[in-house]
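A look at the structure
Chain by chain, the residues:
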Amino acid sequence: MDSLKFSPELQENSPNTINPLNLEEFRRQGHIMIDFIADYYQDIEKYPVLSNVEPGYLRKCLPDSAPHCPEQIETILQDVQKHIIPGITHWQSPNHFAYLPAGISTAGFLGEMLISGFNIVGFSWVASPAATELESIVMDWLGQMLKLPSSFLFSGNGGGVIQATTCEAILCTIVAARDQMLSKIGREKIGKLVVYASDQTHSSLEKATKIAGIHPENFRSIKTTESTSFALSPEALKMAISKDIEDGLIPLFLCATIGTTGINAVDPLGPLCNIAKEHGIWVHVDAAQAGSACICPEFRHFLNGIECVDSFSLNAHKWLFTNLDCCCLWLINPSALTKSLTTSPEYLSNKASESKKVVDYKDWQISLSRRFRAIKLWLVLRSYGVANLRNFQRSHVTMAKSFEALVRGDKRFEVVVPRNFAMVCFRMVPSAFGAGVELDSANKLNQKLMELVNASGKVYMTHSMIGEIFVIRCAIGVTLTEEKHAIRAWKVVQETANTILQM
Ligand SMILES: *Cc1c(COP(=O)(O)O)cnc(C)c1O
């Protein structure tokens, strides 16, 4: 019974004494973990892409409380295999075509290991000079790769920061725009500020608008139509702005998107900026996924007009082979951001910050603590080089073209919107289901088609609505996806369509 008693110093008795950072154990367990992950990838196609567990399944598998005594990594990994993997939707499966890809790479993994390995908290320059300086350098590198105007680079008095997500980047940006405007017109006018975007814009803008204290009724989600391929029409923006001004409101912010989440529509930056800038509106460009492809000269034209915007962001963790998370945000006037977000508590004061010669990234983001994400992006850029990164993206676009050709080759199907990058939006046409089938029933049948495709476990795709039309999205961009997977995915869709038509 002795072992159950506390010692006088409240020392817990444990069957074996454990050092939380034993380097020999770190080496041994590290190898086991790498092997486990490599095996997972080797076997990834054996699992159903979309997890088919029932809600609450995991509570039935695991104990009610944390263990009192240590457990071996081998035992824990057995439980990962047995209980966790069945509840995973395999985002890295080459047969995952849902949502948007979360592209990864060996360099991305290794970069994450270095981030965790150092585990520094570089909120200010002095708290880890290399973390801050490397971040500024890689943001300039990536900015050059995208041929951003020099006004977005540190070398041109702009600058970039790596945040976790686009949601955070947009929130920070909108707060900077809000405070810049309110400092001119008076804080009491906050209820008059208006935010503009198209109805295809990602929900992160609406969330950011709410958090920033903009009146919910002053969020303009401008309807898009087929005539502009679901891009925001400058004419419609102009009308919305004119009406708001007539009503005594104050236009504040426009979010334009390059590659909307639903259907990869591209808003025309140049013409939109011409209108926005007449009214002193802050223009942000959300290029979360498709922006990465603009490192390829053949896609760069989608960024034409970028020289007139105030801020620009993309997620390197979507289509730049950088493991989660890595959102890159550039601004031509970072001081608008830091004016809003700077705090200077005594416990963080230091000579370098006072000299104003350094970047303190805590003033460019919401949180204080921050991960050393720059080193991960640096590893990715160096390990592959710009040439290979472009070729990886081009191979995804080629696969999307093949998938698109297959859809077009089957008279029962149609491609519903023009393909801009590596996403194909398609559906079965109403007449394929029988004479006189209306839009509503066609939508339901297409949804059923998608659900049956996903239930097969062979492929996972998600949907979007284009106006009243239900479309299935095939979003290509997972690192392991090859041509054969895209072709097989189409076969699964076709076979499932045959089954539905026989029902
Ligand atoms: C994915 C996506 C987002 C959201 O990104 P988070 O990093 O998850 O916040 C925003 N906008 C667009 C266009 C996206 O594709």
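Here we summarise the structure given alongside this text. (Residues numbered from 1 in each chain as written. Predicted model: local features only at pLDDT ≥ 70, side-chain atom pairs only at ≥ 80, totals over all residues. Heavy atoms only, no water.)

**Digging into the sheet that holds strand S11 (residues 469-475)**
Reading across the sheet, the 4 strands line up as S8-S9-S11-S10 and stay open at both edges, with antiparallel pairing between neighbours. In the strand order of this sheet, the two ends are held by strand S8 (413-415) and strand S10 (462-466), each with one partner. Strand-to-strand twist of the sheet, defined as the mean angle between neighbouring strand axes without regard to direction, takes the value 40°. With 3 bridges connecting them, S8 and strand S9 (residues 423-428) associate as antiparallel partners. What sits directly across from Phe413, in S9, is Met428. Against the sheet, helix H13 (residues 439-455) makes contact with S8, S9, S10 and S11, and its axis sits at roughly 25° relative to S11, the strand it touches most. (Pairing = 2+ DSSP bridges. Helix = DSSP H or I, 4+ residues; strand = E, 2+ residues; numbered from the N terminus. Axes fitted to C-alpha atoms, helices over the stretch in contact; angles between N-to-C directions. Contact = heavy atoms within 4.5 Å.)

**Here's the deal with the state of the cysteines**
For the structure shown, the criterion picks out 0 disulfides. Its sulfur unpaired, Cys308 is 5.0 Å from the next cysteine sulfur, which belongs to Cys273. Looking at the unpaired Cys328, the closest cysteine sulfur is the one in Cys326, lying at 4.3 Å. (Disulfide = S-S within 2.5 Å.)

**So, the site of the ligand**
Taken together, the neighbourhood of the ligand is formed by 14 residues, with Thr166, Cys167, Asp286, Asn315 and Lys318 sitting nearest. Taking Lys318, its side chain carries an N or O atom lying 2.9 Å from an oxygen atom of the ligand. Here the ligand, which alone exposes 390 Å², has 87% of that area covered by the protein. Looking at the shell around the ligand, the elements with two or more residues in it are helix H5 (166-185) and helix H9 (316-319). Among the residues forming the shell around the ligand, the class breakdown is 3 nonpolar, 9 polar and 2 charged. (Near = heavy atom within 4 Å. Polar contact = N/O pair within 3.5 Å; in protein donor to acceptor, adjacent residues only side chain to side chain. Areas by Shrake-Rupley, 256 points an atom, 1.4 Å probe, with all protein chains shown as cover. Nonpolar A, V, L, I, M, F, W, Y, C, P; charged D, E, K, R; others polar.)

**A short note on unusual backbone geometry**
If a residue is not glycine, its phi is most likely negative; likewise, a peptide bond is most likely trans. With an omega of -10°, the peptide bond between Leu324 and Asp325 qualifies as cis. Note on placement: Asp325 falls in the loop between H9 and strand S7 (327-331). The phi dihedral of Asn119 falls on the positive side, at around 45°, and the residue is not glycine. In this structure, Asn119 sits in the loop between helix H3 (106-118) and helix H4 (129-145). Phi is positive for Phe230, which is not a glycine, with a value near 65°. Position of Phe230 relative to the elements: it lies in the loop between strand S3 (219-222) and helix H7 (234-246). The exposure class assigned to Phe230 is buried, which follows from its relative accessible area of 8%. (Buried < 20%, exposed > 50% of the residue type's maximum accessible area, 1.4 Å probe, protein only.)

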